[in-house]
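The chain contents come next:
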There are 2 protein chains.
Amino acid sequence: MNHQQTLESSGRQPVVGMVGAGQLARMTAAAAIGLGIRFRVLAGAPGESAAQVAADTVVGDYRSDGDLLAFAAGCDVITFDHEHVPQPQLRALEQAGRVVWPSAAALGFTQDKLAMRERLTELGVPCPRFEPVTSLADVAAFAEHTGWPVVLKAVSGGYDGRGVWVCGDSAAAAEVLSHRLPVLAEEYVPFERELAILVARSPSGHGAAYPVVESVQRDGICVQVLAPAPGVSAEAAVQAQRLGLELARDLDVIGLLAVELFETRNGELLVNELAMRPHNTGHWTIEGARTSQFEQHLRAVLNLPLGSPAMVAPVAVMANVLGGTDPDLYGKLNHVLAADTGLKVQLYGKPVRPGRKVGHVTALGSDLPTVRDRAVRAANYLATGSEEPAAQPATALGGRQ
Amino acid sequence: MNHQQTLESSGRQPVVGMVGAGQLARMTAAAAIGLGIRFRVLAGAPGESAAQVAADTVVGDYRSDGDLLAFAAGCDVITFDHEHVPQPQLRALEQAGRVVWPSAAALGFTQDKLAMRERLTELGVPCPRFEPVTSLADVAAFAEHTGWPVVLKAVSGGYDGRGVWVCGDSAAAAEVLSHRLPVLAEEYVPFERELAILVARSPSGHGAAYPVVESVQRDGICVQVLAPAPGVSAEAAVQAQRLGLELARDLDVIGLLAVELFETRNGELLVNELAMRPHNTGHWTIEGARTSQFEQHLRAVLNLPLGSPAMVAPVAVMANVLGGTDPDLYGKLNHVLAADTGLKVQLYGKPVRPGRKVGHVTALGSDLPTVRDRAVRAANYLATGSEEPAAQPATALGGRQ
């Protein structure tokens, strides 16, 4: 297919290149179809989630200057479905005159947790107390102020697929330090639940904030999202949205910014993590909001006006489908769709592995317990083939309603 | 990319092959992404609307047995974005053991207007009076019962891109007959407005009907769709939906069936045309219904349970973007999206030609005149670059509200 030729014959169609071909790129591809733009993905291998569906897939290594520059050559803007492109490669793209959103500087705050914590502190944004540590003595000194456990976090990356360790005592901290990677110590926050804010910001400064949601986690993985977060006052919700919009401005984020928050017992909100891309806590927006997070991200990086983030129903619940032992997800779709005609299922086309996110289910309605039960039952059936509802992690408000 | 390989590694993913790569296939491709299935299109040429976005595009001729059979080889089910595949080719696919939905027999009723009228009459479905005609004497005899004008319709196809001629007198009828193609004469119905019913039916017999809509036409082209059709009583709406579901059953349609209706002055509904595929009068369902017509068609042909056709807002209006003289649609998107953050635009990636459908706009809300004005203004701006609202064709109810 001669790409250039078809571009010319169909008027101007900007090309958005997304580095990464996971489910976030896959769902962004669906949003790109409606906008009438061209969408290109950089996949690590053929057959990846987004490569299965996108007409324009380039296979290459996101850590290679050459592959990235070749990929970017025909693109009007480069964006990302993950935050793993190293800074030198991001800078090389920018120095080559490519439009990169979010910018290397902004993405840096998702890649260096110490820089992120320091910047947020400068900005007066409430965070858990933290301190860079290089020795066990540093950790012990930190623990004198916060008590144990102490959370150790890799400044960048991690090992054994993890970057966060809750250390109950000095011996556990010593084990983490023995791996000799840069870490910071963080206060262990006995939070009531986790909330998330999702905002978008465009180069012209236009911003839009989705309703604040509750992110229900199990073993550190987001398994359910309740939109809007139950039991949040209108005032607190607006304050949280404002925090998201201000952070996007202050960190100069173009595209989406997801802010993961701890809500403490006294209602204080502390920033836990940042992500600058479509986010698991925003999947409900595909059917639950006037503008999906995927379309919103494209509109932002293209400097198109942002769309309404308003909900289309009073309540939306998203439940992740975590892989079980049965590789055949599609075979279970029949049962799930028959049981609930209003349910929306997204399958990612990824090989099933235990615990891996292979899809999600969204239910809309007006009564949170009912809507939540519908979504969780369906996701659980897709994962396990069992009719039993998944055990719901206890949460402060979402779990009790 | 090795297609078979990726299929095996991701569990069972059925492959739906759609013959035709226009905007209907393009929007179906977006729906296929969420269902986690594989979607393949047969395009006449690279760069066609759906070929721009679908990962799996085969270029071939839908009139060629060989091309169709080769295309169908890796597909679990074959379906269509148009009704132009000739009967012998459809039968060849079926005889080769391919699953073809809708079937050759069902599609025949969209390809042979005389067979359609005769079958509908057998079924007792109200239609305009009709008669096959082969001579001017036949037409004159028909006009003695119905009066002039008489509508002549090509039984199949047509000439000069048309298949319907409203003949004011015998001379006009003679001109049509001089082209020597099989025609039928139809009573000219001075209808008040046009309505449409869209239903889906699956091989297991499950059916679903969308709300009855009004289709506003200009020069024989659908330019606006109002959902639900204003001024239709709940009783009449249910009756129309039942007509659609019964027709789908009686004609053994699998997939979508769109029924275009004339509403006469006394409220009678007469069947004008049938289509067995996603339909222009169903585009509003992408954002306006729980399940879009494109997802519904895929679910039907895959024999998955059908999704809820319920609306997500009290009113939805779709306005088609008809090509003007400016080939740059994308350049006008900025203005349209800035003016109305709740608006949804679908651009088809097709070269702009005057009068050609190159996109559509959908607005949702609760007040029909407001929602309609939003959609029509935006579509008009995309078409013409002008702020003036498009002249609205007068309709019985939609136009007056």
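The structure presented is a predicted model; accordingly, all values stated were derived computationally and were not measured. (Residues numbered from 1 in each chain as written. Chains lettered and ligands numbered in written order. Predicted model: local features only at pLDDT ≥ 70, side-chain atom pairs only at ≥ 80, totals over all residues. Heavy atoms only, no water.)

A.B. asks: What exactly am I supposed to notice about the overall build of chain A here?
C.D. replies: Looking only at helices and strands, chain A has 13 helices and 17 strands in total. Relative to the compact-globule value of 21 Å for 401 residues, chain A shows a C-alpha radius of gyration of 21 Å, a close match. Over its C-alpha atoms, taken along the principal directions, chain A stretches across nearly 70 × 55 × 45 Å. Across the 401 residues in chain A, those meeting the buried criterion constitute 59%. Residue pairs in contact within chain A that sit at least 24 positions apart in sequence constitute 62% of those at least 6 positions apart. Approximately 15000 Å² of chain A is accessible, and the part contributed by carbon and sulfur atoms is 50%. Once the 33 positive and 42 negative side-chain charges of chain A are each reduced to a mean point, those two points are 4 Å apart. (Helix = DSSP H or I, 4+ residues; strand = E, 2+ residues; numbered from the N terminus. Rg over C-alpha atoms; globule rule 2.2 N^0.38 Å. Buried < 20%, exposed > 50% of the residue type's maximum accessible area, 1.4 Å probe, protein only. Contact = heavy atoms within 4.5 Å. Areas by Shrake-Rupley, 256 points an atom, 1.4 Å probe, with all protein chains shown as cover. Lys, Arg positive; Asp, Glu negative; His and termini not counted. Charge placed at Lys NZ, Arg CZ, Asp CG, Glu CD.)

A.B. asks: Sorry if this is basic, but what is going on with the pattern of salt bridges here?
C.D. replies: Two side chains with opposite charge may pair up if their charged atoms get near one another. Residue and element names in this part refer to chain B. Across all of its chains, the model carries 40 salt bridges over all chains by this definition. Between Arg-40 and Asp-56 there is a salt bridge whose closest N-O contact spans 2.9 Å. Of this pair, Arg-40 sits in strand E2 (residues 38-43) while Asp-56 sits in strand E3 (residues 56-59), placing them 16 residues apart in sequence. The exposure class assigned to Asp-56 is buried, which follows from its relative accessible area of 17%. Between Arg-117 and Glu-186 there is a salt bridge, with the nearest N and O atoms lying 2.6 Å from each other. Remark: Glu-186 occurs in strand E8 (residues 183-187) and Arg-117 occurs in helix H6 (residues 113-122); sequence separation between them is 69 residues. (Salt bridge = Lys/Arg side-chain N within 4 Å of Asp/Glu carboxyl O.)

A.B. asks: Explain the sheet that holds E8(B) here, please?
C.D. replies: Strand pairing in a sheet relies on backbone hydrogen bonds, with the paired strands running either antiparallel or parallel. Residue and element names in this part refer to chain B. Taken in spatial order, the 4 strands line up as E5-E8-E6-E7 in an open sheet, and their pairing is antiparallel. Looking along the sheet, the strands with just one partner apiece sit at the ends: strand E5 (130-133) and strand E7 (164-167). On average, each strand axis in the sheet is tilted by 25 degrees relative to the strand beside it, whichever way the strands run. The pairing of E5 with E8 spans 4 bridges and is classified as antiparallel. Directly across from Glu-131, in E8, lies its bridge partner Ala-185. This element, H6, spans E5, strand E6 (150-154) and E8 of the sheet and lies at about 145 degrees to E5. Across the face of the sheet, helix H7 (residues 136-146) comes into contact with E5, E6 and E8 while running at roughly 135 degrees to E6. (Pairing = 2+ DSSP bridges. Axes fitted to C-alpha atoms, helices over the stretch in contact; angles between N-to-C directions.)

A.B. asks: What is the right way to read the environment of A:Phe80 from this model?
C.D. replies: All names here are of chain A. Along the chain, the position of Phe-80 falls in strand E4 (residues 77-80). Along the sequence, Phe-80 and Val-301 sit 221 residues apart, while their C-alpha atoms lie 11 Å from each other. Residues within four places of Phe-80 in sequence aside, it is in contact with Met-18, Val-19, Val-85, Leu-90, Val-100, Trp-101, Pro-102, Leu-107, Arg-277, Pro-278 and His-297.

A.B. asks: Whenever I open this one, the domain arrangement of chain A confuses me. Can you help?
C.D. replies: How big an interface is tends to be stated in terms of accessible area lost as the parts join. Residue and element names in this part refer to chain A. According to the domain assignment, chain A contains domain 1 (3-100), domain 2 (129-187) and domain 3 (193-384). Averaged C-alpha coordinates put domain 1 and domain 3 at centres separated by 23 Å. Taken together, the 21 residues of domain 1 in the interface contact 20 residues of domain 3. Summed over both sides, the interface of domain 1 with domain 3 buries roughly 1600 Å², with 69% coming from carbon and sulfur. Viewed at the interface, domain 3 and domain 1 are joined by 1 salt bridge. A salt bridge links Glu-83 to Arg-277, with the nearest nitrogen and oxygen atoms 3.2 Å apart. Across the domain 1-domain 3 interface, the total number found is 8 residue pairs in polar contact (both at pLDDT 80 or more). When contributions to the side of domain 1 that touches domain 3 are tallied by element, the ones reaching two or more residues are strand E1 (15-19), helix H2 (23-35) and E4. No other element matches H2, which puts 8 residues into the side of domain 1 that touches domain 3. Partitioned by chemical class, the residues of the side of domain 1 that touches domain 3 number 12 nonpolar, 6 polar and 3 charged. (Domains from an automatic or database assignment. Buried area = accessible area lost by both parts, 1.4 Å probe. Polar contact = N/O pair within 3.5 Å; in protein donor to acceptor, adjacent residues only side chain to side chain. Nonpolar A, V, L, I, M, F, W, Y, C, P; charged D, E, K, R; others polar.)

A.B. asks: Help me understand the relation of the copies chain B and chain A, please; the structure alone is not making it clear to me.
C.D. replies: There are two copies of the chain, and a rotation about an axis plus a shift along that axis relates them. Its rotation angle being 180 degrees, the transformation that places chain B on chain A also includes 0.0 Å of axial translation and leaves an RMSD of 0.1 Å. The operation mapping one copy onto its partner corresponds to a two-fold rotation axis. It is B:Ala55 whose C-alpha, among those of chain B, lies nearest the rotation axis, at 1.9 Å. (Least-squares fit on C-alpha atoms with pLDDT ≥ 70 in both.)

A.B. asks: So what exactly am I meant to see when it comes to the pairing of strand E8 (residues 183-187) of chain A here?
C.D. replies: All names here are of chain A. Here E8 lies mainly inside the structure; 4 of its 5 residues are buried. One ladder, built from 5 bridges, connects strand E6 (residues 150-154) with E8; its direction is antiparallel. Bridged to Lys-153 within E8 is Leu-184.

A.B. asks: Looking at this structure, I do not really get the confidence of the model for chain A. What am I missing?
C.D. replies: Residue and element names in this part refer to chain A. When pLDDT is averaged across chain A, the result is 92; 94% of the residues are at 70 or more. Low confidence marks residues 1-9, where pLDDT is under 50. Its contacts with residues over four positions away, or in another chain, come to 17 contacts. In this model, residues 393-401 is a region of pLDDT below 50 whose contacts with residues beyond four sequence positions or in other chains number 23 contacts. Complex prediction metrics read pTM 0.93 and ipTM 0.92. (pLDDT = per-residue confidence, 0-100.)

A.B. asks: I tried to follow the sheet that holds E4(A) on my own but got confused; where do I start?
C.D. replies: Residues and elements named next belong to chain A. Pairing is parallel across the open sheet formed by 4 strands, whose spatial order is E3-E2-E1-E4. Taken across any chain shown, the strands that pair with only one partner, and hence form the sheet edges, are strand E3 (56-59) and E4. For this sheet, the mean inter-axis angle between neighbouring strands, taken without regard to orientation, is 25 degrees.

A.B. asks: Just checking my understanding: could you explain the packing of aromatic side chains for this structure?
C.D. replies: Geometrically, a pair of aromatic rings is defined through the distance of the ring centres and the angle of the planes. Per the counting criterion, the structure on display carries 6 aromatic pairs over all chains. An angle of 20 degrees between the planes, with centres 4.8 Å apart, marks the rings of A:Tyr159 and A:Trp165 as stacked. What makes A:Trp165 buried here is its relative accessible area of 6%. Pairing B:Phe191 with B:Phe262 gives two aromatic rings, centres 4.4 Å apart and planes at 10 degrees, and the pair type is stacked. With B:Phe191 in the loop between E8 and strand E9 (193-201) and B:Phe262 in strand E13 (residues 255-263), the pair connects residues that are 71 residues apart, well separated along the chain. Judged by relative accessible area, B:Phe191 falls into the partly exposed class, the value being 31%. Over the aromatic face of A:Tyr62 sits the side chain of A:Arg63, whose NZ or CZ is 5.3 Å from the ring centroid. (Phe/Tyr/Trp six-rings, centres within 6.5 Å; stacked < 30°, edge-to-face > 60°. Lys NZ or Arg CZ within 6 Å of the ring centre and 35° of its normal.)

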